[in-house]
Amino acid sequence: MTMVPLPAGNPPPLPDLRGRFAPSPTGNLHFGSLVAALGSWLRARSQNSRWIVRIEDIDMARAVSGADHAILETLAAFGLESDEPVLWQSQRLDRYQSAFDALKASGAIYPCHCKRSDLAAFNGIHPSSCVKRNAEGRPAWRVRTSSDSIEFIDRVYGRVAQRLDREVGDFVVRRADGAFTYQLAVVVDDADQGITEIVRGADLLDSTPRQIHLQRLLDLPTPCYLHLPLALDSSGRKLSKQDRARPVDASDPVPALQAVLVFLGQKVVSTAQVNDLLWHAVRQFDAGSIPDHRHAHAAMQKD
Ligand SMILES: [Zn+2]
């Protein structure tokens, strides 16, 4: 993946914005997810746009019972509430099935019995035809990638380009156990909800070309993208799993919100009131001040 910074000056014009925050209910809201929540909320609010919360519980094996409602309660304590009814991915399997059927009808996907071990000789990158020829059990379904470079403009990371065939390979949209994958679900959800700009953590930067590929195959619009830096510790290293997983304190939201604002390069006012803090943060929000932590991101990609 290559990233080229955008020149200073006039940013491209924005359409009417609908933003979203889409947490996975795998635990309580932690610092890294509060960065994505507040960053997406500020971006939407600063442009007088809607902000919608979606619970990404498509991977039911990872979902923790009750975590969805705990996240929504914590967001409310932080002054962040969805402008529309919250959507749960687990209630939308019929929509993912429709998209899957459309991909199948157009020949964009094919059944695959390759195991992870079969792909080891290919660095885990599935080539354009299956390694394993004999069909046993239910197949996974993979989408064909091409040699075209997929490019998009990220408002923090600049011009991003990726060759899916070389860097990712044909990827799974439905697993052998029948579950639809995140990549398919998120593309369908963003389109159904009319999301015009996706603001989320940079850990999803390298998923974006896969999602754009699916948007094109499904004839769906491609939204704008703004990826937020990943939460780092004071020495610039990626936060440890333990630190990232530490829940934020919903009973004392102001210090956590201030810490996120500092992390996002934004001005912070001194106040004890959540609404006061957020009001000033919206008025002063500057997407151009968000740091990209490019070196840390590059280091993380090599992990
Ligand atoms: Zn295969």
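Model, not experiment: these values are computed from the prediction. Every residue gets a number counted from 1 within its own chain, in the order that chain's sequence is written. Confidence filtering applies because this is a predicted model: local features only for residues at pLDDT of at least 70, side-chain atom pairs given and counted only at 80 or more, and all residues used for totals across whole chains, interfaces and linings. Side-chain descriptors were evaluated using all non-hydrogen atoms of the structure, hydrogens and water having been removed beforehand.

Enquirer: Just to check I follow, could you spell out the coordination of the zinc ion for this structure?
Expert: Binding of the zinc ion to the protein goes through Cys 112 (SG), Cys 114 (SG), His 126 (NE2) and Cys 130 (SG), at separations of 2.1 to 2.4 Å. If you look at the zinc ion, its 4 donor atoms make angles of 105 to 113° with each other, and the shape they trace is tetrahedral. Donor residues for the zinc ion, ordered by position in the chain, follow C-x1-C-x11-H-x3-C. Taken together, the residues Cys 114 in the loop between strand 5 (109-112) and strand 6 (140-143) and His 126 in the loop between strand 5 and strand 6 connect sequence positions 12 residues apart. Residues Cys 114 and His 126 agree in their burial class; the two are buried. Only N, O and S atoms count as donors, using a 2.8 Å cut-off from the metal and 3.2 Å for Na, K and Ca, and because water is excluded some sites may appear unfinished. Only four donors with every angle between 85 and 135 degrees are called tetrahedral; only four or six donors with opposite donors over 155 degrees apart and all others between 65 and 115 are called square planar or octahedral, in that order; all others are irregular. In DSSP terms, a helix is any run of H or I states spanning at least four residues, a strand is any run of E spanning at least two, and both are numbered starting from the N terminus. Throughout, exposure labels follow a simple rule: accessible area from a 1.4 Å probe, protein chains only, divided by the maximum for the residue type, with under 20% read as buried, over 50% as exposed, and the rest as partly exposed.

Enquirer: Just to check I follow, could you spell out the nonpolar core for this structure?
Expert: Among soluble globular proteins, nonpolar side chains are generally buried collectively. What makes a nonpolar core is a set of buried Ala, Val, Leu, Ile, Met, Phe, Trp, Tyr and Cys residues whose side-chain atoms join them at distances within 4.5 Å. Ranked by size, the top nonpolar core spans 75 residues in total, and within it Leu 34, Leu 38, Leu 75, Leu 80, Val 173 and Leu 184 carry the most contacts. Examining the composition of this core, we find that 9 residues originate from one element, helix 1 (residues 31-45), more than from any other. Note on contacts: a residue pair is in contact if any heavy atoms of the two residues lie within 4.5 Å. Not counting the four nearest positions on each side in its chain, Leu 75 is found in contact with Phe 21, Leu 29, Ala 37, Val 53 and Leu 80. Membership of the second largest hydrophobic core comes to 5 residues, among which are Tyr 110, Cys 114, Leu 119 and Cys 130.

Enquirer: Is there a simple way to explain helix 2 (residues 67-77) in this structure?
Expert: Residue pairs spaced three or four apart in an α-helix point in one direction, given the helix's 3.6 residues per turn. Taken together, the buried positions of helix 2 are Ala 67, Asp 68, Ile 71, Leu 72, Thr 74 and Leu 75. Down the axis of helix 2, the buried set is contained in an arc of 165°. They therefore lie on one face. Along its buried surface, helix 2 packs onto strand 2 (18-21), helix 1, strand 3 (50-55) and strand 4 (87-88). At the C-terminal side of helix 2, Gly 79 shows a positive phi close to 80°. Regarding the arc, it is the one traced by the directions from the helix axis to the C-beta atoms.

Enquirer: Looking at this model, I keep getting lost on the sheet that holds strand 5. Mind explaining?
Expert: Sheet strands pair by backbone hydrogen bonding; their relative direction is either parallel or antiparallel. Taking strand neighbours across the sheet as the criterion, the 3 strands line up as 5-6-9 in an open arrangement whose pairing is antiparallel. In the strand order of this sheet, the two ends are held by strand 5 and strand 9 (171-174), each with one partner. Averaged over all pairs of adjacent strands, the angle between strand axes in this sheet comes to 45°, irrespective of strand direction. Where strand 5 meets strand 6, 4 bridges bridge the pair, whose relative direction is antiparallel. Strand pairing is assigned whenever DSSP detects at least two bridges linking the two strands. For every element, the axis is a line fit to its C-alpha atoms; helices are fit only across the contacting stretch, and the angle between N-to-C directions ranges from 0 to 180 degrees.

Enquirer: Looking at this structure, how should I read helix 8 (residues 253-263)?
Expert: Along helix 8, the residues classified as buried are Pro 253, Val 254, Ala 256, Leu 257, Val 260, Leu 261 and Phe 263. Two residues or fewer after helix 8 comes Gly 265, characterised by a positive phi angle close to 75°.

Enquirer: Is there a simple way to explain the side chain of Arg 92 in this structure?
Expert: Within the secondary structure layout, Arg 92 lies in the loop between strand 4 and helix 3 (93-105). With near-sequence residues (within four places) excluded, Arg 92 lies in contact with Leu 87, Val 188, Asp 189 and Asp 192.

Enquirer: Would you mind showing me how to read the sheet that holds strand 3 here?
Expert: Across the sheet, which stays open at both edges, the 3 strands sit in the order 2-3-4 with parallel pairing between neighbours. Looking at the sheet topology across the chains shown, the edges are occupied by strand 2 and strand 4. Looking at chain direction, strand 3 and strand 4 are connected through 2 bridges and run parallel. Of the residues in strand 4, the one forming a bridge with Ile 55 is Trp 88.

Enquirer: What is the right way to read the environment of Trp 88 from this model?
Expert: In this structure, Trp 88 sits in strand 4. The sequence separation of Trp 88 and Ile 55 amounts to 33 residues, and the corresponding C-alpha distance is 4.8 Å. Not counting the four nearest positions on each side in its chain, Trp 88 is found in contact with Ile 55, Asp 57, Asp 68, His 69 and Leu 72. At 2.9 Å, the side chain of Trp 88 and the side chain of Asp 68 are in polar contact. For this analysis, a polar contact is any N or O atom pair within 3.5 Å, provided that within protein one partner can donate a hydrogen and the other can accept it, and provided that sequence-adjacent residues contribute only side-chain to side-chain pairs.

Enquirer: Explain the packing of helix 5 (residues 182-192) against helix 6 (residues 208-217) here, please?
Expert: Two packed helices can be described by the angle between their axes and the distance between those axes. Closest axis-to-axis distance for the helix 5/helix 6 pair is 9 Å, and the angle between their directions is 60°. One finds that helix 5 runs oblique with respect to helix 6. For the pair helix 5 and helix 6, the sense of crossing is right-handed. Taking contact as the criterion, the partners of Tyr 182, Gln 183, Leu 184, Val 186 and Val 187 in helix 5 are, on helix 6, Arg 210, Gln 211, Leu 214 and Gln 215. Each angle is binned into one of four classes, with values under 35 degrees roughly parallel, values over 145 roughly antiparallel, values of 65 to 115 roughly perpendicular, and all other values oblique. We call a crossing left-handed when the near helix sits turned anticlockwise from the far one by less than a right angle, and right-handed when that turn is clockwise.

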